[in-house]
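Coordinate analysis (summary)
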Amino acid sequence: MGRFKDRKIKILGEDMEENKDLFFREDLEDLSHSFGKGNQEGVKAALRVCQDYFDQVSESHISEIASAFEVDEKIINTLLRFMPGIKKSALVYDIVCCTGPRCAKRNSAEVIKVIRSELGFDFNQTSCDGKVRLRSQNCFRHCTKGPNVLVNDKFFHNMDAEKAKDLMKKIKEDL
């Protein structure tokens, strides 16, 4: 099923590495249209394509595939158990930054800038080793304690650039 990836590598060369997420989403859309919504064979094909692109399947990829095929993520996780050639990522840190207006008024943009810079990737992306994922959420409903960052279901409140840098340092040291 690597025909999608192989085709794009030949056409785009170096740009392929920088745009893997975009190409994966395009291929995912093509697969969902080809196989149809709810089709488990289409889901398996998408998992193989994901494996081809990223050498693993992360939780965010599972969510994207579930959404594209309109299936429950539990179905995908069950299918993965019967697909030994597909490697599920070992996500260690799931980092979610608040992008709501009240946190923004409290300078969350600076916190987000530091986190992106320290991690080296943007929202809705996962580190190359699949251990760290960065996401955003409009509001956590902890506005008076903002800016807020959620790491593995643990809140970090009243964040500033220095606290964000220290938190990212601790995460990197733990990996």
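Scroll up to find the structure.
A brief look at the structure comes next. (Residues numbered from 1 in each chain as written. Predicted model: local features only at pLDDT ≥ 70, side-chain atom pairs only at ≥ 80, totals over all residues. Heavy atoms only, no water.)

Looking at the pattern of salt bridges
In total, this model carries six salt bridges according to the counting rule given. With a closest N to O distance of 2.7 Å, Arg135 and Asp94 form a salt bridge. Of the two residues, Arg135 sits in strand S3 (residues 132-137) while Asp94 sits in strand S1 (residues 93-98), which places them 41 residues apart along the sequence. For Arg135, a relative accessible area of 31% gives the class partly exposed. (Salt bridge = Lys/Arg side-chain N within 4 Å of Asp/Glu carboxyl O. Helix = DSSP H or I, 4+ residues; strand = E, 2+ residues; numbered from the N terminus. Buried < 20%, exposed > 50% of the residue type's maximum accessible area, 1.4 Å probe, protein only.)

Here we look at the nonpolar core
Generally speaking, soluble globular proteins have nonpolar side chains that are buried together. Core analysis: the largest hydrophobic core is formed by 24 residues, its most contacted members being Phe24, Leu28, Val43, Leu47, Ile65, Phe69 and Ile76. With eight residues, helix H4 (residues 40-54) is the single largest residue contributor to this core. With near-sequence residues (within four places) excluded, Val43 lies in contact with Ile65, Phe69, Val71, Ile76 and Leu79. Residues Leu119, Val151, Ala164 and Leu167 belong to the second largest nonpolar core, which totals 19 residues. (Core = buried A, V, L, I, M, F, W, Y, C linked by side-chain atoms within 4.5 Å. Contact = heavy atoms within 4.5 Å.)

Side note on the packing of H4 against helix H6 (residues 73-81)
Helix packing geometry: the angle between the two helix axes and the distance between the axes. Between H4 and H6, whose axes approach to 11 Å, the crossing angle comes to 65°. As judged from the angle between their axes, H4 and H6 are roughly perpendicular. The interaxial crossing formed by H4 with H6 has right-handed handedness. Here Gln40, Val43, Lys44 and Leu47 of H4 come into contact with H6, specifically with Ile75, Ile76, Leu79 and Leu80. In the contact of H4 with H6, the residues fall into six nonpolar, one polar and one charged. (Axes fitted to C-alpha atoms, helices over the stretch in contact; angles between N-to-C directions. Parallel < 35°, antiparallel > 145°, perpendicular 65-115°, else oblique. Left-handed = near helix turned anticlockwise from the far one by under 90°. Nonpolar A, V, L, I, M, F, W, Y, C, P; charged D, E, K, R; others polar.)

Notes on the packing of aromatic side chains
Enumeration according to the criterion identifies four aromatic pairs in this entry. Each ring, one from Phe24 and one from Tyr53, has its centre 6.2 Å from the other, and the planes form 80°; the classification is edge-to-face. Separated by 29 residues along the polypeptide, Phe24 in helix H3 (residues 20-35) and Tyr53 in helix H4 bring together distant segments of the chain. On the accessibility criterion, Phe24 (1% relative accessible area) is buried. Of the residues examined, Tyr53 reaches a relative accessible area of 1% and is grouped as buried. Seen from their ring centres, Phe24 and Phe54 are 5.6 Å apart, and the 80° between their planes marks the pair as edge-to-face. Of this pair, Phe24 sits in helix H3 while Phe54 is found in helix H4, placing the two residues 30 residues apart along the sequence. Here Phe24 and Phe54 have matching classes, each one buried. Here the aromatic residues Phe24, Tyr53 and Phe54 are joined through ring pairs into a cluster of three or more. (Phe/Tyr/Trp six-rings, centres within 6.5 Å; stacked < 30°, edge-to-face > 60°.)

In short, the description is geometric, and any link to function would need to be established separately.
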